Amino acid sequence: MLGVVVTETLYRAHPDLSEGRLAKLRAAVVNARALADVARRIGLGQYIKLGRGEEATGGRDKASILSDTVEAVIGAVHLSAGIETSADVVHLLFDPLIEAASAMGAGLDWKTSLQELAAEHSLGVPEYVIQDEGPDHAKTFTAQVRVAERLYGNGHGRSKKEAEQGAAETAYGEIVAAQAAASAESGPAESAAPIEPAPADD
């Protein structure tokens, strides 16, 4: 239900976008992290019935549990009230995310955007270096990304993917800035070349 409503909303709002771009927008809205953020925004965690183990290890704020619960709530609304009401609930909860995602540009998926940028400038395939610390139930991850033999960024997160996205964002910004600086340096030199006057007629 969530996927159908978000997909239709994106298609109607952005009929000019390519299939690939629409797929990126959808993925930015319909994913565990985004669903967990929605759950946190409405305080859903406090209403979840948890076992002692999950309760003791912070399950009320765990992204996987929160995202599953959001999906369960949408499913329950759909079964009890029908498609129109469940669609209204999806719009209420996710339209702000859809609007934000539409304005994110490269930030929709920093890893994919970095890979595309590296390919465009023949910098090779980005390679991620991951470190983790903390107990298994509360690990934190730190990531750096190597592009053209240079390490960028210090992405942090509760998952490897989140940390990699942070590192990719840093690398993307620095590479774009470096390319812009290189263009600015070479541009004026080329345009400043003297123009030979046309020979005068005898």
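All values derive from a computational prediction rather than experimental measurement.

Criteria and cut-off values
Residues numbered from 1 in each chain as written. Predicted model: local features only at pLDDT ≥ 70, side-chain atom pairs only at ≥ 80, totals over all residues. Heavy atoms only, no water. pLDDT = per-residue confidence, 0-100. Helix = DSSP H or I, 4+ residues; strand = E, 2+ residues; numbered from the N terminus. Core = buried A, V, L, I, M, F, W, Y, C linked by side-chain atoms within 4.5 Å. Buried < 20%, exposed > 50% of the residue type's maximum accessible area, 1.4 Å probe, protein only. Pairing = 2+ DSSP bridges. Axes fitted to C-alpha atoms, helices over the stretch in contact; angles between N-to-C directions. Salt bridge = Lys/Arg side-chain N within 4 Å of Asp/Glu carboxyl O.

## Considering the confidence of the model for the protein chain
Mean pLDDT for the protein chain: 86, with 89% of residues reaching 70 or above. The lowest-confidence element of the protein chain is helix α8 (residues 160-191), averaging 80 in pLDDT; the highest-confidence one is helix α5 (residues 63-81), averaging 95.

## Focus: the nonpolar core
One recurring pattern in soluble globular proteins is that nonpolar side chains are buried together. L2, V6, V29, V70, V90 and F94 are the most contacted members of the largest nonpolar core, which has 26 residues in total. Listing elements by their share of this core, those giving two or more residues are α1 (2-13), α2 (19-29), α3 (32-41), α5 and α6 (83-102). Counting residues in hydrophobic clusters, the runner-up holds 14 residues, among them W110, L114, F141 and I175.

## Thoughts on the pairing of strand β2 (residues 140-147)
Of the two faces of β2, only the one carrying F141, A143, V145 and V147 is buried; T140, T142, Q144 and R146 on the other face are not. Pairing of strand β1 (residues 127-133) with β2, which is carried by seven bridges, proceeds in the antiparallel orientation. What sits directly across from Q131, in β2, is T142. Where β1 folds back on β2, the antiparallel hairpin that results is connected by six residues, among which G134 adopts a positive phi of roughly 100 degrees.

## Quick word on the sheet that holds β2
Spatially, three strands are ordered β1-β2-β3 in an open sheet, and the strand pairing comes out antiparallel. Either end of the sheet is taken by a strand with one partner, and the two such strands are β1 and β3 (150-157). Strand-to-strand twist in this sheet, taken as the mean axis angle between neighbours without regard to direction, amounts to 20 degrees.

## Some remarks on the pattern of salt bridges
Using the criterion set out here, one finds twelve salt bridges in the structure. Residue K24 pairs with E116 through a salt bridge whose shortest N-O separation is 3.3 Å. Separated by 92 residues along the polypeptide, K24 in helix α2 and E116 in helix α7 (residues 110-120) bring together distant segments of the chain. Classification of K24 as partly exposed rests on a relative accessible area of 24%. On the basis of relative accessibility, which here comes to 44%, the residue E116 falls in the partly exposed class. Between K139 and D132 there is a salt bridge whose closest N-O contact spans 3.1 Å.

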